Amino acid sequence: MTELMLALDVLTRAEAMDIAEKTYPYIDAIKIGYPLVLGSGLSVARDLAEFDLPLIADFKVADIPNTNRLIAEHVFEAGFSGIITQGFTGRDSVSACVDVAHNAGGKCYVVTEMSHPGALDFMGEGVAERLAELAVECNADGIIAPATRPERVKALRQIIGSKKILSPGVGAQGGSAEEIAPLIDSMIVGRSIYNSEDPAKAAQSYSCVRDL
Ligand code: O7E
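An unreviewed UniProt entry lists the protein under the name Orotidine 5'-phosphate decarboxylase, with Methanoplanus limicola DSM 2279 given as the organism. One UniProt comment on the protein, placed under Catalytic activity (unreviewed entry), says "orotidine 5'-phosphate + H(+) = UMP + CO2". In its Sequence similarities (unreviewed entry) section, the UniProt entry covering the protein states "Belongs to the OMP decarboxylase family."

A. Fine view of helix α1 (residues 13-23). Those residues of α1 that fall on the buried side of the exposure criterion are Ala16, Met17, Ile19, Ala20 and Thr23. The arc that holds every buried residue of α1, seen down its axis, measures 165 degrees, which confines them to one face. In this structure, the buried side of α1 is in contact with β1 (3-7), β2 (29-33), α2 (34-40), α3 (44-48), α9 (191-194) and α10 (199-207).

B. How the structure looks around the UniProt feature "active site" (unreviewed entry) in the protein. Following the UniProt record, the feature "active site" (unreviewed entry) maps to Asp58, Lys60 and Asp63 here. Note on placement: Asp58 falls in strand β3 (residues 55-61). Apart from residues no more than four positions distant in its own chain, Asp58 is found in contact with Lys31, Ile32, Gly33, Tyr34 and Ile84. A distance of 2.5 Å separates a polar atom in the side chain of Asp58 from a polar atom in the side chain of Lys31. With residues near it in sequence (within four places) discarded, Asp63 still touches Asn68, Thr89 and Ser93.

Criteria and thresholds
- Residues numbered from 1 in each chain as written.
- Predicted model: local features only at pLDDT ≥ 70, side-chain atom pairs only at ≥ 80, totals over all residues.
- Heavy atoms only, no water.
- UniProt positions renumbered as here; feature names shortened; annotations may be inferred.
- Buried < 20%, exposed > 50% of the residue type's maximum accessible area, 1.4 Å probe, protein only.
- Helix = DSSP H or I, 4+ residues; strand = E, 2+ residues; numbered from the N terminus.
- Arc of directions from axis to C-beta.
- Contact = heavy atoms within 4.5 Å.
- Polar contact = N/O pair within 3.5 Å; in protein donor to acceptor, adjacent residues only side chain to side chain.

In structure tokens:
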């Protein structure tokens, strides 16, 4: 089964609650990051808890181990169930996030290769494989890999085995839900749902990925 994760990149608490209210029956998790948290405060996590879905903090944490630890502690105290970290900062920084997540009973995911064209300037083939290996060595729960490049997702799957692949890039960024769903564990979709005239219907249509 491929889960559907809503990327809730709206700017206010009211918009976030409205979209979540409309879509929660069709989604498996919610991911929020800087756009919403800077607009509404970290306490929006407590409000979103009412939908009883895993809530992932997408701050793509990228600092020294001590700072990563401080950020991750805030995240789990705020009620999140997972955190996303960059991997390029290295083993000790990634481990800091993994340790805090696991001590809190949560999950930690490592970005390997991003979905936008510019990601290939630095994060393409070779580097992404090393980041995936690091995610395995640090006992992370999974990786972020691009729905815009299914062949790269296949290559990274060889490295991480049964760990989770969370994959953004479907819809607004051009990736195909049908093509990527069988290769991944969770499809991340934002604009194609929250900017839709009917977010519930859009979420429902993407939720069919569960059966692909
Ligand atoms: O393009 P959208 O609107 O469907 O949104 C995609 C979301 O996934 C958005 O929150 C963006 O910040 C995020 N994302 C990517 O688009 N590409 C990446 O490579 C990585 C992420 C991401 O979420 O990383 C952590 C999961």
